[in-house]
Amino acid sequence: MTDTDPQITPLWIARQKLTFLKAYAAEQVSMHDRIMARFVTLLPLYATLATASIGGAFAKPSLEVVCGCMALGFSAAGLLCIKGFHARNWESINLTPAETDRLLGNAETARARTETETLQLFIKEYEGRLQENEKILARSRTILKWTLRLLISTPIAGGVLAFVLRLVVG
């Protein structure tokens, strides 16, 4: 198509935009599922590491401070995982019958609108929902980053603390 093609009409543009929005919504769902899968994978790991750290604190009294601090770090990471599961409610682009009725209105108003105007109503609704989902994805990504940072930094901090305690206490 060229810029002067008569096929490029507001209706064609609205249909294309709706198609792209639906594809973007599917991609958002895929990203959300991948992030949630990471949380599902990490939560048992954190629970295991926190439990092992608590066991280490009780098994060897000389390591109770180090293992206790590591248990706190792994527990905090586990809590972040749980928080990641409940970031916010996901907005589906599938409209309920009541939402569809609200957008379409009664028969008179629906007849008075062109197809392009009707598609624009749905586009506006979808865009609002997709923006909300983008916020949820950003928040989930942030929580996942902090969770992974705790996973990496907790053993390092425990090792440094053990080393410092060994130097100080002897």
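Position numbers for residues count from 1 along each chain, tracking the sequence in the order it is written. Local features in a predicted model are, by the rule used here, given only for residues with pLDDT of at least 70; side-chain atom pairs are given and counted only at 80 or more, and totals for whole chains, interfaces and linings are based on all residues. Excluded from the side-chain calculation are hydrogens and water; included are all heavy atoms of the structure.

A. Spatial organisation of the packing of aromatic side chains. Pairing of aromatic rings covers Phe, Tyr and Trp, the last counted by its six-membered ring, and requires centre-to-centre distances within 6.5 Å; plane angles under 30 degrees mean stacked, over 60 mean edge-to-face, and any other angle means tilted. This structure, assessed with the given rule, holds two aromatic pairs. Look at Phe 39 and Phe 85: their rings are 5.8 Å apart centre to centre, the planes differ by 65 degrees, and that puts the pair in the edge-to-face class. Taken as a pair, Phe 39 in helix α1 (residues 10-59) and Phe 85 in helix α2 (residues 64-85) lie far apart in primary sequence, 46 residues in all. Relative accessible area decides the class of each residue, using a 1.4 Å probe on protein chains only: under 20% of the type maximum gives buried, over 50% gives exposed, and in between gives partly exposed. Note on Phe 39: relative accessible area 0%, which makes it buried. The interplanar angle of 55 degrees and the centroid separation of 6.5 Å between the aromatic rings of Phe 122 and Tyr 126 together place this pair among those described as tilted. Here Phe 122 pairs with Tyr 126, and both are found in helix α5 (residues 115-169), just four residues apart, close to one helical turn. Of the two residues, Phe 122 and Tyr 126, both sit in the buried class. Under the DSSP-based scheme used, a helix requires at least four consecutive residues in state H or I and a strand at least two consecutive residues in state E, with every element numbered from the N terminus.

B. Fine view of the environment of Arg 113. Looking at the element boundaries, Arg 113 is found in the loop between α4 (107-112) and α5. With a relative accessible area of 22%, Arg 113 lands in the partly exposed category. Any two residues whose heavy atoms approach within 4.5 Å at even a single point are treated as in contact. Among residues more than four places away in sequence, those in contact with Arg 113 are Leu 103, Leu 104, Gly 105, Thr 118 and Leu 121. Polar contact is the term for a pair of N or O atoms within 3.5 Å; when the atoms are in protein, one must be able to donate a hydrogen and the other to accept it, and sequence-neighboring residues count only if both atoms are side-chain atoms. Here the side chain of Arg 113 touches Leu 103 through a polar contact of 3.5 Å, landing on its backbone oxygen. A distance of 3.1 Å separates a polar side-chain atom of Arg 113 from the backbone oxygen of Leu 104.

C. Looking closely at the nonpolar core. In this description, a nonpolar core means a group of buried Ala, Val, Leu, Ile, Met, Phe, Trp, Tyr and Cys residues linked to one another through side-chain atoms lying within 4.5 Å. Ile 35, Phe 39, Leu 42, Tyr 46, Phe 74, Cys 81 and Leu 144 are the most contacted members of the largest nonpolar core, which totals 15 residues. Of all the elements in the fold, those that place two or more residues in this core are α1, α2 and α5. Tallying contributions element by element places α1 first for this core, with seven residues. Ignoring sequence-local partners within four residues, the contact set of Tyr 46 consists of Phe 74, Ala 77, Gly 78, Cys 81, Thr 147, Leu 148 and Leu 151. Residues Ala 14, Phe 122, Ile 123 and Tyr 126 belong to the second largest nonpolar core, which totals 12 residues.

D. Main features of the environment of Thr 114. When you line up the elements, Thr 114 lands in the loop between α4 and α5. Residue class for Thr 114 comes out partly exposed when judged on its relative accessible area of 43%. Spatially, the C-alpha atom of Thr 114 lies 9.1 Å from that of Leu 11, the residues being 103 residues apart in sequence.

E. Representation of the layout of surface pockets in the model. Counted as a void, the largest pocket has a volume near 230 Å³. Broken down by secondary-structure element, the contributors of at least two residues to the lining of the largest pocket are α2 and α5. Of the residues in the lining of the largest pocket, the class split is six nonpolar, two polar and two charged. A cavity, in this analysis, means grid points on a 1 Å lattice covering only the protein atoms where a 1.4 Å probe fits yet has no way out; a pocket is instead an open set bounded by protein on both sides within 12 Å along at least five of seven lines, and a residue lines either one if it has an atom within 4 Å of a point. Grid points are joined across faces, edges and corners, and a volume is the space filled by probe spheres set on the points. Under this grouping Gly is polar, as are all residues other than the nonpolar Ala, Val, Leu, Ile, Met, Phe, Trp, Tyr, Cys and Pro and the charged Asp, Glu, Lys and Arg.

F. Representation of the packing of helix α3 (residues 97-104) against α5. Contact pair α3 / α5: the axes reach a minimum separation of 10 Å and the direction vectors enclose 130 degrees. Classed by the angle they form, the pair α3 and α5 counts as oblique. Viewed along their axes, α3 and α5 form a crossing whose handedness is right-handed. For the pair α3 and α5, the contacting residues are Glu 99, Thr 100, Arg 102, Leu 103 and Leu 104 in the first and Thr 118, Leu 121, Phe 122, Glu 125 and Arg 129 in the second. Here the contact of α3 with α5 is built from residues that sort into four nonpolar, two polar and four charged. The axes used here are C-alpha line fits, helices contributing only the stretch in contact, and every angle between their N-to-C directions lies in the interval 0 to 180 degrees. When describing relative orientation, an angle under 35 degrees is termed roughly parallel and one over 145 degrees roughly antiparallel, while 65 to 115 degrees is termed roughly perpendicular and anything else oblique. Should the near helix be turned anticlockwise from the far one by less than a right angle, the crossing is termed left-handed; should it be turned clockwise, right-handed.

G. Structural detail: the side chain of Asn 133. With respect to the secondary-structure elements, Asn 133 resides in helix α5. If sequence neighbours within four positions are ignored, Asn 133 has contacts with Gln 28, Trp 90 and Glu 91.

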